[in-house]
Amino acid sequence: MQERKPRFTSLSGLEINRVYSRDDLNGWSPENDLGAPGEFPYTRGVYPTMYRSRLWTMRQFAGFGSADDTNRRFKYLLQHGQIGLSVAFDMPTLMGIDADDVRAHGEVGRCGVAISSLADMDRLFEDIPLDQVTTSMTINGPAAVIFAMYLAVAEKRGISVERVGGTLQNDILKEYIAQKEWLFPPEPSLRLITDTIAYCAKQVPKWHPVSISGYHIREAGSTAVQELAFTLYDGLTYVEAAVKAGLAVDSFAPQLSFFFNVHNDLFEEIAKFRAARRLWAREMEHRHHPKDPRSLQLRCHAQTAGCSLTAQQPMNNVVRTTLQALAAVLGGTQSLHTNSMDETLALPTEEAVKLALRTQQIIAHETEITNSIDPLGGSYHVESLTNRLEEGARDYFRRLDEMGGMVNAIQRGFPQRELLDASQRYQREIERKERIVVGVSDYVEPEERHIPTLKIGPEVEQEQIARLSDLRKSRDPFKMAGVLEELQEAASCSENVMPYLIEAVKAKATLGEICAAFTEVFGTYREPVVL
Amino acid sequence: MAVAAPPIRILIGKVGLDGHDRGVKLIARALRDAGTEVIYTGLHQTPEQVVSTAIQEDVDAIGLSILSGAHNTLFRRVLELLKEQGAGDIVLFGGGIIPDEDLLALKTAGVKALFGPGAPMNEIVDFVKGLRS
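Residues numbered from 1 in each chain as written. Chains lettered and ligands numbered in written order. Predicted model: local features only at pLDDT ≥ 70, side-chain atom pairs only at ≥ 80, totals over all residues. Heavy atoms only, no water.

Chemist: I'd like a description of the overall build of chain B, backed by residues and values.
Modeler: The number of helices and strands found in chain B is five helices and five strands. Reading chain B from its N end, one meets helices and strands in the order β-α-β-α-β-α-β-α-β-α. For chain B, the C-alpha radius of gyration of 14 Å lies close to 14 Å, the compact-globule estimate for 133 residues. In terms of overall dimensions, chain B has C-alpha extents of about 50 × 35 × 25 Å along its principal axes. Within chain B, the proportion of its 133 residues that are buried is 51%. For chain B, the share of sequence-separated contacts (at least 6 apart) that also reach a separation of at least 24 residues comes to 70%. Carbon and sulfur atoms make up 54% of the accessible area of chain B, which totals about 5800 Å². Distance between charge centres in chain B, computed from 13 positive and 16 negative side chains, equals 4 Å. (Helix = DSSP H or I, 4+ residues; strand = E, 2+ residues; numbered from the N terminus. Rg over C-alpha atoms; globule rule 2.2 N^0.38 Å. Buried < 20%, exposed > 50% of the residue type's maximum accessible area, 1.4 Å probe, protein only. Contact = heavy atoms within 4.5 Å. Areas by Shrake-Rupley, 256 points an atom, 1.4 Å probe, with all protein chains shown as cover. Lys, Arg positive; Asp, Glu negative; His and termini not counted. Charge placed at Lys NZ, Arg CZ, Asp CG, Glu CD.)

Listed below in structure tokens is the structure:
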């Protein structure tokens, strides 16, 4: 019988056969390639009991307006059954700029929360017990400074940093590749990351100092294979940097975590999570020979694909997000954010974010898919896809090794160009109607129904500027100058900057002042423009 | 003898702190493929830099992408600077995540066209080609 299309492909362009059988798994063996849950090569999951012991952490990324606005949203989410917090910062904060800087004009509190000082951080977590929740903070260039603020808040409340748990994104390589929020050149940036890794290994054992992220790489247009390849290779780069700085691999590798996108192609995405765990275990084993098995385990957070959502017929986004969340859970994620239906229009309203959280709760408690671990393990199709994703990523590993590593590859514009080409291919497929986007390329409705969206007023910026002005008047300028000078001295030699950062934020130095002090030592970065 | 009209020159760029450049690069490529001369500014441009480049490069139009929510401030500032510097004939258009009410206000203020998420690429190319007619 005639088939609908001459060729069937995955979302990432992998050709897909009519049916899969044993013949597609030549050389594959359950002993070597699958293993048991919680055992090498961890294809089936990093824990022996997975969701039968503990469900994934439901962690909605949230942040807008002032620290007080976001504090209220955090409490709302916790009230509705969320377990972990996740902070979205505004653009000035992400770029290490204070709200009263001219470059911040118009951007304060717009796409996240504005945090310029320790006092802001304190208000962000008011009445939230930092020893009972875990907090993820999505920040990269100035990650070490924001981390210092968080630790200083815990200390102020009498909570030992040993008991503080959470995650710092702190992944600068994917910024050069995809999201483009950098402060310094690669070398000093890698050094700051190594400092946070070393500090956590010694002082903050429950913290994940880096969340090696594919999310933004995928959002910038990569395929699933590219997301997998570049993310894991970034991870290997951080491990190498830390080992070079003298850390023993087992002293820090168990604290590393990952963050993946989960897109529309259900089986390809499930295979991606499985391939990621297997590839990380194999590469870490091969490159670093750790003794602690936890150094081989890839633990991850996942977020549904923002770039898959449409502004047209926004209710359809609930369905897209549900299917993507299903893939993340079938793929064995440790933590999940589900996007809200209104996020192509604005930051989410309370109602929209509650529905997104409920989506996870329904998957967790009503579908019964959590009963058995890696339920698709052994499927000819999913195992074959898992193999192909791993092989595709290995091809990229070889090319990156040949280029002398990720930093060199970035300077040559290699991953940037791969992403741009992939996103152009995808765009053309939609324009040629080889792929259908419901409500956009087909099934279009002439009259769009409007849904309520979150508004952020200009007063947020004015109030934040006023708070900063008060702060600058309230502090001891001599003490301030002293701590910044000491910080710069530490930054100029190879001393760990974390203790100096904590002193600086406690002396009320602002995020912008600290980052400016770093810039004097480290310089700035200009990207190779790829078009 | 008829002289072929010189190709349309467009400055495409990102203003402000936002680094999301997937869309803007695809648009720059599509316009280039359609025969437009594209000057791509790269990231993190200030309105002052954009306007100064636009005048130096003698472009027909400026296309800006803003996904960080700072559109109200940044588009208006570019319009202001264009007028101040006697370059009010340069067309300003753009794209990004822009709520309906802001969309209307920005168009009234003088932004010629704004393209939202999911806008077909040919619509943008046609808009640019139509600038000379």
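Chemist: Describe the overall build of chain A, listing the residues and the values that go with them.
Modeler: For chain A, the count of helices and strands is 20 helices and 10 strands. Computed over C-alpha atoms, the radius of gyration of chain A comes to 23 Å, within 12% of the 24 Å expected from 2.2 N^0.38 for 531 residues, which places it in the range of a compact globule. Each of the three principal axes of chain A carries a C-alpha extent, and together these read 80 × 60 × 50 Å. Looking at the 531 residues of chain A, the share that counts as buried comes to 62%. Contacts in chain A between residues at least 24 apart in sequence constitute 79% of all its contacts with a sequence separation of at least 6. Here chain A displays about 21200 Å² of accessible surface, and carbon together with sulfur accounts for 51% of that area. One way to put it: in chain A the 58 positive side-chain charges average out to a point 2 Å from where the 72 negative ones average out.

Chemist: I'd like a description of the sheet that holds strand S2 (residues 37-40) of chain B, backed by residues and values.
Modeler: All names here are of chain B. Strand order in this open sheet of five strands is S2-S1-S3-S4-S5, and the pairing throughout is parallel. Every interior strand has two partners, whereas the edge strands, S2 and strand S5 (113-115), have only one. The average undirected angle you get between the axes of adjacent strands in this sheet is 20°. Sheet topology places strand S3 (residues 61-66) next to strand S4 (residues 91-96); six bridges connect them, and they run parallel. Across the sheet, the residue bridging to Ile 66 is Gly 96, located in S4. Those strands touched by helix H1 (residues 22-33) are strand S1 (9-14), S2 and S3, and its axis lies near 170° from that of S1. (Pairing = 2+ DSSP bridges. Axes fitted to C-alpha atoms, helices over the stretch in contact; angles between N-to-C directions.)

Chemist: Tell me about the interface of chain A and chain B, and please be specific about residues and values.
Modeler: When the parts of a complex come together, some accessible area is lost, and that lost area is often used as the size of the interface. In this complex, chain A contributes 41 residues to the contact, which on the side of chain B involves 28 residues. Of the roughly 2800 Å² buried where chain A meets chain B, counting both sides, 56% is carbon and sulfur surface. Summed over the three residues of chain A that lose the most area to chain B, namely Glu 107, Lys 180 and Leu 531 of chain A, the buried surface amounts to 22% of that side. Run the count over chain A and chain B and you get four salt bridges. Its salt-bridge partner being Asp 421 of chain A, residue Arg 29 of chain B comes within 2.9 Å of it at the nearest N-O pair. Our count for the chain A to chain B interface comes out at 12 residue pairs in polar contact (both at pLDDT 80 or more). Listing elements by their share of the side of chain A that touches chain B, those giving two or more residues are helix H3 (91-94), helix H6 (173-179), helix H8 (215-219) and helix H16 (414-431) of chain A. When residues of the side of chain A that touches chain B are assigned to their parent elements, the largest contribution, eight residues, is made by H16 of chain A. (Buried area = accessible area lost by both parts, 1.4 Å probe. Salt bridge = Lys/Arg side-chain N within 4 Å of Asp/Glu carboxyl O. Polar contact = N/O pair within 3.5 Å; in protein donor to acceptor, adjacent residues only side chain to side chain.)

Chemist: Before we move on, could you go through the packing of aromatic side chains and cite the residues and values that matter?
Modeler: Residues and elements named next belong to chain A. Scanning all chains against the criterion turns up 22 aromatic pairs over all chains. Residues Tyr 233 and Phe 397 carry aromatic rings whose centres are separated by 5.4 Å and whose planes lie at 65° to one another, so their mutual orientation is edge-to-face. In this pair, Tyr 233 sits in helix H9 (residues 224-244) while Phe 397 sits in helix H14 (residues 380-402), placing the two residues 164 residues apart along the sequence. Relative to Trp 280, the ring of Phe 258 lies with its centre 4.8 Å away and its plane at 70°, an arrangement referred to as edge-to-face. In this pair, Phe 258 is assigned in strand S8 (residues 257-262) and Trp 280 in helix H11 (residues 266-288), connecting sequence segments 22 residues apart. Like Trp 280, Phe 258 is buried. Ring-pair connections join several aromatic residues into one group, and the members of that group are Phe 74, Phe 125, Phe 147, Tyr 150 and Trp 207. (Phe/Tyr/Trp six-rings, centres within 6.5 Å; stacked < 30°, edge-to-face > 60°.)

Chemist: Summarise the environment of Ala 517 of chain A; cite the residues concerned and give the values.
Modeler: Looking at the element boundaries, Ala 517 of chain A is found in helix H20 (residues 511-522). Ala 517 of chain A has contacts with Leu 484 and Gln 488 of chain A, leaving out every residue within four places of it along the chain.

Chemist: Describe the pairing of strand S5 (residues 165-168) of chain A, listing the residues and the values that go with them.
Modeler: All names here are of chain A. In S5, alternate side chains face the same way, and those of Gly 165 and Thr 167 on one face and Gly 166 and Leu 168 on the other are all buried. Across four bridges, the pairing between strand S4 (residues 134-138) and S5 is parallel. Looking at the pairing, Ser 136 lines up with Thr 167 of S5. Handedness of the S4-helix H5 (residues 143-156)-S5 crossover: right-handed. Here S5 pairs with strand S6 (residues 207-208) via two bridges, running parallel. Bridge assignment links Gly 166 to a residue of S6, and that residue is Trp 207. (Right-handed = clockwise from strand over helix to strand, strands pointing away.)

Chemist: Give a description of unusual backbone geometry that names residues and reports values.
Modeler: All names here are of chain A. Residue Pro 41 is bonded to the preceding Phe 40 through a cis peptide linkage, with omega at 0°. Phi is positive for Asn 170, close to 50°, though the residue is something other than glycine. Classification of Asn 170 by relative accessible area gives buried; the value is 3%.

Chemist: Go over the environment of Ala 154 of chain A, please, and point to the residues and values.
Modeler: All names here are of chain A. Note that Ala 154 resides in helix H5. Note: C-alpha distance between Ala 154 and Phe 125 (29 residues apart in sequence) is 9.7 Å. When residues no more than four places from it in sequence are discounted, the contact partners of Ala 154 are Leu 130, Ile 159 and Val 164.

Chemist: Could you give an account of a nonpolar patch on the surface, with specific residues and numbers?
Modeler: All names here are of chain A. Taken together, the side chains of Ile 436, Val 438 and Tyr 443 present a nonpolar region at the surface, about 310 Å² in accessible area. Looking at where Val 438 falls in the secondary structure, it is placed in the loop between H16 and helix H17 (459-474). Val 438 gets classed as partly exposed once you look at its relative accessible area, which sits at 38%. (Patch = residues over 30% accessible without salt bridge, like charges linked within 9 Å, V, L, I, M, F, W, Y side chains within 5 Å.)

Chemist: Residues and numbers for the pattern of salt bridges, please.
Modeler: All names here are of chain A. On inspection of all chains with the given rule, the structure shows 50 salt bridges over all chains. Between Arg 294 and Asp 292 there is a salt bridge; the shortest N-O distance is 2.8 Å. For Arg 294, a relative accessible area of 45% puts it in the partly exposed group. A salt bridge links Glu 513 to Arg 472; the nearest nitrogen and oxygen atoms lie 2.7 Å apart. On the criterion of sequence distance, the pair formed by Glu 513 in helix H20 and Arg 472 in helix H17 is long-range, its members being 41 residues apart. By relative accessible area, Arg 472 is classed as partly exposed at 28%. One salt-bridge network, held together by shared partners, links Asp 33, Arg 278, Arg 282, Glu 283, Arg 287, Glu 390, Arg 394 and Asp 401.

Any functional reading would require information that these geometric values do not contain.
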